[in-house]
Amino acid sequence: MRDSCGKKGFFGKDLPCPYDGVPVEPEDDARALLVQVCGSEFAEGPTCCTTDQVEALRDNFNQVEGLISACPACRNNFRSFFCTFTCSPEQGSFVNITSTQTTSTGQTAVKSVDFHVEEKFGEGFYDSCKNVQVGTTNGYAMELIGGGAKDYHGFFKFMGDEKAIGSPFQIDFPLTTPPELTPLNITPRGCADNDLTSRCTCIDCPSICPALPPVTPPNAGPTCHIGSFSCLSFVLIVGYALAVLGFLTGYLISRSIRKRRERSYERVALSEDAASPRIHPRGLVGQGSLAQHLDDDSLGTQSDSRHLGRGATLLNSIETVQPRQYPLNTFLRHGFYKLGLFAASSPWLTFCLVFVVVGLLNVGWQKFEIETDPVRLWVSPSSESKLQKEYFDKNFGPFYRTEQIFVTSAPVEETNNLSLTATSGTPALTWDHLKYWFKVEADIRALRSPDGYRLSDVCFKPAGPQGACVVQSIAAWYGNNLEYYDEDTWAEHLNQCAHSPVECLPDFQQPLAPHYVLGGVPKDENGRQIYLDAKAFVITYVVSDSLDAEVQAKAMDWEQTLRTYLIDLSQRSIDEAGLHIAFSTGVSLEEEINKSTNTDVKIVVLSYLAMFFYVSLTLGAGTVVRDEPGVFASLAQWARNFPGFFKRSSATSSSLSVDSRRTPHFFPRLPRSLFTGSKFTLGLFGIALVVLSVSSSVGFFSFMGVKVTLIIAEVIPFLVLAVGVDNVFILVHELDRQNFLHGPNASAPASQGGFTTPMSPTSYHRSPYDSSIREDGDSGASMPQYLSAEERVARTLAKMGPSILLSTITETVAFSLGALVPMPAVRNFALYAAGSVLLNAILQVTVFISALLLDLKRSEASRIDCFPCIRLPSRIALLDGPATGSGVGRIGRFIRRYYAPFLLKPVTKGFVMLTFTGVFVASIISMQHIELGLVDYFDNLDAYLDVGPPVYFVSRNIDVTQRVGQQALCGRFTTCQDFSVANTLEAERKRPEASFISEPSASWIDDFLGWLDPGKEDCCRVRKRDPSVFCGPRDNSRLCQPCYLNKTPAWNITMDGLPENAEFMRYAKQWLISPTTEECPLAGKASFGSALSISDDGSSVQASHFRTFHAPLKTQKDFVDAFAAAHRVADDISRRTGADVFPYSVFYVFFDQYAHVVAITQEVLGLGLAAVLVVTALLLGSWRSGSIVTGVVGLTVLTVMGVMPLWGISLNAISLVNLVISLGIAVEFCAHVARAFMSAGSGLPVDHPAGQKERDERMWTALVDVGPSVLSGITFTKLIGMSVLALTRSKLLEIYYFRMWLTLIISGALHGLVLLPVVLSIAGGSGFPQQEADEEWMSTAIRNDYEYA
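Quick caveat: nothing in here was measured; it's all calculated off a predicted structure.

Reading the values: rules and limits
Residues numbered from 1 in each chain as written. Predicted model: local features only at pLDDT ≥ 70, side-chain atom pairs only at ≥ 80, totals over all residues. Heavy atoms only, no water. Salt bridge = Lys/Arg side-chain N within 4 Å of Asp/Glu carboxyl O. Helix = DSSP H or I, 4+ residues; strand = E, 2+ residues; numbered from the N terminus. Buried < 20%, exposed > 50% of the residue type's maximum accessible area, 1.4 Å probe, protein only. Expected span 1.5 Å × (residues − 1). Phe/Tyr/Trp six-rings, centres within 6.5 Å; stacked < 30°, edge-to-face > 60°. Lys NZ or Arg CZ within 6 Å of the ring centre and 35° of its normal. Axes fitted to C-alpha atoms, helices over the stretch in contact; angles between N-to-C directions. Parallel < 35°, antiparallel > 145°, perpendicular 65-115°, else oblique. Left-handed = near helix turned anticlockwise from the far one by under 90°. Contact = heavy atoms within 4.5 Å. Nonpolar A, V, L, I, M, F, W, Y, C, P; charged D, E, K, R; others polar. Core = buried A, V, L, I, M, F, W, Y, C linked by side-chain atoms within 4.5 Å. Patch = residues over 30% accessible without salt bridge, like charges linked within 9 Å, V, L, I, M, F, W, Y side chains within 5 Å. Areas by Shrake-Rupley, 256 points an atom, 1.4 Å probe, with all protein chains shown as cover. Disulfide = S-S within 2.5 Å. Pairing = 2+ DSSP bridges.

## Remarks on the pattern of salt bridges
On inspection of all chains with the given rule, the structure shows 40 salt bridges. Where D161 meets K157, a salt bridge forms, and the shortest distance between an N and an O atom there is 3.0 Å. Put simply, R1128 and D1132 hold a salt bridge, and the shortest N to O gap is 3.2 Å. With a gap of four residues between them, R1128 and D1132 both fall in helix α39 (residues 1116-1137), about one helical turn apart. When its relative accessible area of 10% is taken as the criterion, D1132 is described as buried. It is possible to trace a salt-bridge network through shared partners that takes in E988, R991, R1128, D1132 and R1135.

So this is what it looks like as structure tokens:
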């Protein structure tokens, strides 16, 4: 082949002529041009090309020069390959013309040829170019010059195929060579060769890159494993197994020893019985508190003296032990008694005083504000990522707002003989789907917002205001027009574009790789992707963002219009085209978070109503009434008597007495307790106080400038109900007990051994066998007496006030610790919670006490609940009719008769300890699998997204005008630092499992310095006559010359002579405004126009960034790990180069919390447990009991954490606050039981031989006393509320409130009512007797300021 024989058509490139003559010696000018273009190997000898052909070669080389010139091996192999093909005198030995054609000028030209190339050269050529990167596209040169080929065959095929942008004729590369031909066999250059004409830099030649030190992938988990278990898990399992084995062995041995001792004791007892006919029973520890007035209830707790152990017969009676006193308890009872007496004696004054204060607090509602901005909600103002985001936005402009649409084929229902099944995963790409979607995109381009803005007004245009919008869509492969395609040709074109995006450039002139627009692409058995079977196609609209509020408002205005359109489209697209539409817009995250309230108002209200009615209907369960039938018994009696209306009576009222209960009535006579004993109004009042405490807390903190979130408005009442309702039940149940003892219906006390005392589950009783009492006969102080309603209410608060104070202080401190979490939404939540709990407790010990008094007087006056103006007439009742009930309800009777006796059996205790030890071990093992993250709102959208988000590595505080600073950044020059920013990012890209970086980085410094290369004639140009003036893109090339032409030293890859100081800034400013074109792809306007932040005076670069991409991030864990990995990479670069480097990606600001959440969790929970220990130990008066309560609370929280990974609950700031709430509510479960245990004491020392028996009896008393309140007040109430909340549609509420709180309630109840009683009964501290067991104590000791000494 030689010379040119015209074009194929009016447009196109010149075609070579067939030529079978001898090579021709070129003229001097032609020789000089040939040497300039093809190198010194053509400096002598004949050639087979003309000057026109060499000029065409030069022009073609210039088009790819900006892509491959950074790697000399690839560049020189490329030039050698085509220069040899065109000009080699041996051309005929490896090129065979297979067909010819007639050109537009009537000449015969080449149509196709066979080009035979040796495999060794083909592989070497491909290898030298396959890793050459193009920073402007974050891709590879092979994608542009080789169509993304994976081997040299594909590379050659792409270059040889006839196409408009490429070869004007077909060049085939046969795998076999005929005998008469000899394949081209020249030595290829390697990128790792040592000569300067071959060697490439690390970025383009991985084989010469220095190795980075190995690193562990983020959150890789424990490295020590034994089988499938971590070492910690293995040790815990083995330790627990040994503990179980040891317990069983010890139990069997102790049982055997005890049986032997029992046989020995029985022989001794028989001999004593024979010697002494009179048995004098010795009072056992706490015997009185268990035996009296219980009928058969106490059978399960009767002591067996044989089990007391050696020395039991030597014990003195308990009454000889001096009761221990705790001054703080006395002070608190004293104070609460006075407070209760005041609130009960002056209820209306109390209402006025308290509600005035509450009203003042609610004035703060005037400053009430709701925060909806996700950044201000979830990101701390001092967050490092937030500060870095603000720095990035200020210096480079805000990141683009992305609107993404995910289109999949709707599931198709298939009917068969067996079932109706839904199949999904069908290909989304069909001709009909394509036509439908092109219409949709046309509609989107035509959308107008309410203010008149279109996509073209808000989109990102890299080429400037007159350029095209960046829209990543398969429609761009077709030029947004299907007019030239039909059902038979669309698929072939799509395949061609997917394999070679450079052939289908969109209007914004950047190659669109298939992973940007296609998702869920399957692979065949050879690993090749089948693009036509993609499960989804993805459309991304890139919208410009701005710090200017007006500009941003334009974008948001159009986004809202787009969102409205897409919502409508998603509802009709299935019927219209069988397509399922999912999307996310720039306003989606904020709306999704706020939607958690808007979509679940009915469910939340229903949950509240369920809890309200439960509380109101169950408060009156323990009311003391005279013996009368229940509701169902009354209805049954009425039904039996009703037929009497139709019978003639055989007797008259004067002849004999008639039982009124058998007299028929037209209406049933329902029990009076149903009307007067109900506490529905009181329950509603207690709930109203909960709402009022929340309202006051909101008012106070709103006045202080703390904003509220809609989620807080839903969750805080749940929290306060959990705490507040428990206190309401405790107060009401204790008042019922006081009424049973001292009310108008109190029964006559039972008598035993001449000593009388009222039954009180928590009362301290002297032994009935106390000889001093029998001698004195002075038992009047313990006789039951009628007390006024005010006195009973005051006693109620005196007894339960310290317990409420204990739980309130502990919970308030624990919740306040949540304010240490820097996330605003969480901090505000903690503040509102702490304030609400504290205010609710204050209202309960003041106005609720007053309400108790009013309700008590209403009940005793026989006035109907809810209608107190209606008073029931008195009924005739037998004077000796005893009051029914025992001061406790059904739950209390169950605990007294069955639960407490069973729980306190030694075998049960051992089983409980083993079980909860197993729970502890399982929780520790499970905790190791807790993941970090929040709610993945768009996980269904990201399932088909095969490209990760962009990440920018920002360098600052480095002088890039100096050579040292340039070398710390660059990567494509021989003097760049081995671990410069560019080189390190490239090295990290090669280990994506640790760095989560998957794409080549865009290095502005390399492209800028490459733009100065005079070999790229169409890039940096200056006027020939005045080199101080730059040429524009439209200036005639004859008037311009390359900037660095004839410079001394010349432009070179050692950076010697490249610009510095002011000259650097002069060229850099011009580079940033030079348009990026096909002739000069290295120009910076489109690709790096915002990559540099230049000082106001233009003398320095303040900051710059290097752009790359994360690997596809599919899960929350991927995002968290990518965040951690990017910061690790940035820290490594900063340490090695001395530059200040930080990473930035649009999602980092939301994931900053995960860099510190584990440490904060440890800190907050540790401080919370320390606060629990101090408060409980002080208020309980025992460090031993305080430590036990703290340990049980800690185990409760640990159990909740153990359930988290099993139920898909991640660790984040929300779950951290829930863990703090778990700690506080666990105290609520434990505090009342622990204080009742400590207050039921006899003063017996811990190490007393009968101490175990005494602790069992104290725990029995405590469980009967407060167990029903804890179960009714918090467990059942919250379970009802949580069961309704299960219906929520908000992921946030479902995962972090329903699941987590349900776990907390169950765990808290089990630990507080099962584990804590067992541990306290085994190792609890010595108790302090409740002196109010002496019924004179309140009226004498407190009123006369007398304290027991």
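Following the structure, the description resumes.
## Section: helix α29 (residues 847-860)
An ideal rise of 1.5 Å per residue puts 20 Å on 14 residues; α29 measures up with 20 Å between its terminal C-alpha atoms. Most of α29 is tucked away: 10 of the 14 residues are buried. S862 sits one or two residues past α29 and shows a positive phi near 60 degrees.

## Description of the packing of aromatic side chains
Tallied over the entire structure, the rule returns 53 aromatic pairs. Taken together, a centroid distance of 4.9 Å and an interplanar angle of 85 degrees make the contact between F1119 and F1147 edge-to-face. Here the residue F1119 occupies a position in helix α39, and F1147 occupies one in the loop between β28 (1140-1144) and α40 (1148-1151), the gap between them amounting to 28 residues. A relative accessible area of 7% means that F1147 is categorised as buried. Across the ring face of Y1067, the terminal group of R1066 is positioned such that the distance to the ring centre comes to 5.2 Å.

## Considering unusual backbone geometry
Going from T1048 to P1049, the amide bond is cis rather than trans, its omega being -10 degrees. Relative to the assigned elements, P1049 resides in the loop between β25 (1040-1042) and α37 (1061-1073). In this structure, M1055 is a non-glycine residue whose phi angle is positive, near 75 degrees. Turning to its location among the elements, M1055 is positioned in the loop between β25 and α37.

## With respect to the packing of helix α27 (residues 789-817) against helix α41 (residues 1157-1180)
Viewed as axis vectors pointing N to C, α27 and α41 meet at an angle of 165 degrees, and their least axial separation amounts to 9 Å. Between α27 and α41, the interaxial angle falls into the category roughly antiparallel. Read as a crossing pair, α27 and α41 show a hand that is right-handed. Side by side, α27 and α41 meet where L805, L806, I809, T810, V813 and L817 of the first sit next to V1164, L1167, G1168, A1171, V1172, V1175, T1176, L1179 and L1180 of the second. The residue makeup of the contact of α27 with α41, split by class, is 12 nonpolar, three polar and no charged.

## Some thoughts on the nonpolar core
Within the largest apolar cluster, 201 residues are counted, with the highest numbers of intra-cluster contacts made by F953, W1004, F1008, W1011, L1012 and L1219. By size, the runner-up hydrophobic cluster in this structure holds 62 residues, among which are A476, V521, L562 and V947.

## Some words on a nonpolar patch on the surface
On the surface, a cluster of nonpolar side chains totalling about 690 Å² of accessible area is made up of I226, F229, F234, V235, I237, V238, L242 and L245. Following the sequence through the fold, L242 ends up in helix α8 (residues 231-275). Classification of L242 by relative accessible area gives exposed; the value is 55%.

## A few points about the state of the cysteines
Cysteine pairs can be linked by a disulfide, which is a covalent bond between their two sulfur atoms. Tallied over the entire structure, the rule returns 13 disulfides. Each sulfur of the disulfide joining C5 and C17 lies 1.5 Å from the other. Judged by the sign of its S-S torsion, about 120 degrees, the cystine formed by C5 and C17 is right-handed. Here C5, found in strand β1 (residues 2-7), pairs with C17, found in strand β2 (residues 14-17); they are 12 residues apart in sequence, far enough to count as distant.

## Here we look at the environment of A32
Looking at the secondary structure, you find A32 in helix α1 (residues 28-38). As for A32 and A43, which are separated by 11 residues in sequence, their C-alpha atoms are 7.9 Å apart.

## A short note on the sheet that holds strand β26 (residues 1092-1094)
Backbone-to-backbone hydrogen bonds join strands into a sheet, with any given pair of strands oriented parallel or antiparallel. One open sheet accounts for four strands, arranged β26-β27-β23-β28; its pairing is antiparallel. Taken across any chain shown, the strands that pair with only one partner, and hence form the sheet edges, are β26 and β28. Averaged over all adjacent pairs, the angle separating strand axes in this sheet is 20 degrees, with direction ignored. By the bridge criterion, seven bridges tie strand β23 (residues 950-956) to strand β27 (residues 1101-1109) in an arrangement that is antiparallel. Residue pairing for β27: P950 is matched across the bridge by F1109. Each of β23, β26, β27 and β28 is contacted by helix α13 (residues 384-396), which is oriented at about 105 degrees to β27, the strand it contacts most. Of the strands in this sheet, β26 and β27 are in contact with α37, which crosses β26 at around 125 degrees.

## Description of the pairing of strand β10 (residues 401-409)
Within β10, eight of the nine residues are buried, which leaves it mostly tucked inside the rest of the structure. With eight bridges joining them, β10 and strand β15 (residues 536-543) adopt antiparallel strand pairing. Of the residues in β15, the one forming a bridge with I405 is I539. For β10 and strand β16 (residues 579-584), the ladder comprises six bridges, and the chain directions are antiparallel. Paired with Q404 across the two strands is S584, which belongs to β16.

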